[in-house]
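Inside the fold
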Amino acid sequence: MTELTGGSALPQERRVVTAIPGPKSLELQARRTATVAGGVGSVLPVFTTRAGGGVIEDVDGNSLIDFGSGIAVTSVGASAEAVVRRASAQLANFTHTCFMVTPYEGYVEVCEQLAELTPGDHAKKSALFNSGAEAVENAVKIARAYTKRQAVVVFDHGYHGRTNLTMALTAKNMPYKHGFGPFAPEVYRVPVAYGYRWPTGAENCGPEAAAQAIDQITKQVGAENVAAIIIEPVLGEGGFIEPAKGFLPAIVKFANDNGIVFVADEIQSGFCRTGQWFACEDEGIVPDLITTAKGIAGGLPLAAVTGRAEIMDSAHAGGLGGTYGGNPVACAGALGAIETMRELDLNAKAKRIEEVMKGRLSVMQEKFPVIGDIRGRGAMIAIELVKDRETKAPAPEAAGALAKACHAEGLLVLTCGTYGNVLRFLPPLVIGEDLLNEGLDIIEAALGNL
Ligand SMILES: *Cc1c(COP(=O)(O)O)cnc(C)c1O
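Residues numbered from 1 in each chain as written. Predicted model: local features only at pLDDT ≥ 70, side-chain atom pairs only at ≥ 80, totals over all residues. Heavy atoms only, no water.

**A few points about the sheet that holds strand E6 (residues 187-190)**
Put simply, the rule reads: Two strands qualify as a pair provided that DSSP identifies no fewer than 2 bridges between them. Helix and strand assignments come from DSSP, with helices taken as H or I runs of at least 4 residues and strands as E runs of at least 2, each series counted from the N terminus. Fitted lines through C-alpha atoms serve as axes, helices being fitted only where they are in contact, and the angles separating the N-to-C directions of these axes extend from 0 to 180 degrees. Residues count as neighbours in contact if any of their non-hydrogen atoms are within 4.5 Å of one another.
Pairing is mixed in the open sheet, where seven strands are placed in the order E4-E10-E9-E8-E7-E5-E6. With one partner strand each, in any of the chains shown, strand E4 (124-129) and E6 form the two edges of the open sheet. Averaged over all adjacent pairs, the angle separating strand axes in this sheet is 20 degrees, with direction ignored. Summarising the sheet, strand E9 (residues 289-292) and strand E10 (residues 303-308) pair through four bridges and their orientation is antiparallel. Among the inter-strand pairings, Thr292 is bridged to a residue of E10, identified as Ala304. Helix H5 (residues 132-147) contacts E4, strand E5 (151-155), strand E7 (226-231), strand E8 (261-265), E9 and E10 of the sheet and is inclined by roughly 25 degrees relative to E10.

What follows is the structure in structure tokens.
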């Protein structure tokens, strides 16, 4: 409770006063089921009244510990003082003009911040959008305009969004693609260095997977046809897979040698989440383009493509944009979020969260054979659950049961992974260490009751 919480006035405590979901949430859930499309799911149907710091309060008066951050969005908390202050002031001045009609300073300031914070000291430019998927789509447009090539290479276990092109880029059928085709053409998928499941072991995985990926691109697509290679430096929805050491640098070198635009999709891993401004910094990677969203604006909808000025400028005037892209309130939120990240040194906070989580989880792994692997960086940590450590058979039922048990105790956790067997932890970076440990106590108890 003594920790910095980004200015949230909410009591930083777990409080469970009803069943979860409670009666008022159940009532709202009935109304929701009647009018909200069934295709829009919810992990945990407790209806929120307030959120901030490391907690989410619901309509029944429960206060949940938040290990999800609205899927890695509210890294500064869901009501950070600087975000609320700047966005409120902007809201009162004007809500919208459309940057393509009459521009405003906030948009330019966000692009200046992006140029400063993203890796590399080359000249950079940005374009702003509303969602991560839209940023990824635009990165592809820009790479195609620049290279005058069409093919796009993506990776096993990759996730890039739910629009038509980004469904094509996404690896997993259910629930993201099933029944929604046909998908965009000229998308090619190659292996990624998933150390835990690499047949010859994690040590060999980086160079072997890179060689396989490059061989497939060369043989099946032709390097000279490839406009862009897109990868998440830490794969999010796919299971918090950190490509084994050496994999990313080899892919970047291949892209550079062949005039291919290398795009780092840092939508989930960016903005202090992994203990760096961007996860690709850990291997000294300088992407040609970088896509950001999620953590960028403290919960307001904003996304960006940032990259080498000569690549970004290759699309003709009027070729990029959108009515709401870079909305002034969202830009003000982003400037507040970035201010908070700098002031509270949230990279250091993310590293401390990693230390606490990995320390506790490795003790649990010794006791509970269901934990096959612990991985991730900063405040992007996951455990992969298996039926048996020898065969590594995925245990999605265990992941589901654990999530459910945690929810009942007032800890919000999310699952992910191609096999649905990964429990992922994405707390707000401003969460107090007492809440962090309380959440881990709940996970430990739930593991004991599996
Ligand atoms: C969430 C996500 C997206 C899509 O972002 P939306 O804002 O949901 O469209 C794209 N790439 C990655 C890596 C993501 O985690």
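**Concerning the site of the ligand**
This is how it is decided: We call a residue near a molecule or strand as soon as one heavy atom of that residue lies within 4 Å of the molecule or strand. Any pair of nitrogen or oxygen atoms within 3.5 Å is treated as a polar contact; in protein, a donor-acceptor pairing is required on top of that, and neighbouring residues in sequence qualify only through side-chain atoms on both sides. Throughout, the Shrake-Rupley method with a 1.4 Å probe supplies accessible areas, and for residues the shown protein chains are the sole cover considered. Only Asp, Glu, Lys and Arg are considered charged in this grouping, and only Ala, Val, Leu, Ile, Met, Phe, Trp, Tyr, Cys and Pro are considered nonpolar; every other residue, Gly among them, is considered polar.
Around the ligand sit Ser131, Gly132, Ala133, Tyr159, His160, Gly161, Glu232, Asp265, Ile267, Gln268 and Lys294, and those are all the residues in its vicinity. Within the backbone of Tyr159, a nitrogen or oxygen atom sits 3.4 Å from a nitrogen atom of the ligand. One nitrogen or oxygen atom from the side chain of Gln268 is found 3.0 Å from an oxygen atom belonging to the ligand. For the ligand, whose free accessible area comes to 380 Å², the fraction covered by protein is 82%. In terms of residue class, the shell around the ligand is made up of three nonpolar, five polar and three charged.

**Focus: the environment of Leu429**
The condition is simple: In this scheme, a residue with accessible area under 20% of its type's maximum is buried, one over 50% is exposed, and one in between is partly exposed, where area comes from a 1.4 Å probe on protein chains only.
With respect to the helices, strands and loops of the structure, Leu429 is situated in the loop between strand E15 (422-425) and helix H13 (433-448). By relative accessible area, Leu429 is classed as buried at 0%. In this structure, Leu429 is in contact with Ser75, Phe271, Cys272, Arg273, Leu346, Lys349, Ala350, Ile353 and Ala379, ignoring residues within four places of it in sequence.

**Observations regarding the pattern of salt bridges**
Our working definition: By definition here, a salt bridge exists when the distance from a side-chain nitrogen of Lys or Arg to a carboxyl oxygen of Asp or Glu is within 4 Å.
Evaluation of the coordinates by the stated rule reveals 26 salt bridges. With its nearest N and O atoms 2.7 Å apart, the salt bridge here joins Lys253 to Asp257. Pair noted here: Lys253 and Asp257 are both in helix H8 (residues 247-257), with a separation of four residues, about one helical turn. The exposure class of Asp257 is exposed, given its relative accessible area of 52%. In this structure, Asp441 and Arg360 form a salt bridge, with 2.7 Å as the shortest nitrogen-oxygen distance. With a gap of 81 residues between them, Asp441 in helix H13 and Arg360 in helix H11 (residues 346-367) connect regions that are remote in the sequence.

**Remarks on the pairing of strand E1 (residues 48-52)**
Relative to strand E2 (residues 55-58), E1 is paired through four bridges, and the arrangement is antiparallel. Bridge pairing links Thr48 to Asp58 in E2. Here E1 folds back onto E2 in antiparallel fashion, the turn holding two residues, of which Gly53 has a positive phi close to 60 degrees.

Any link to function would need more than the numbers given here.
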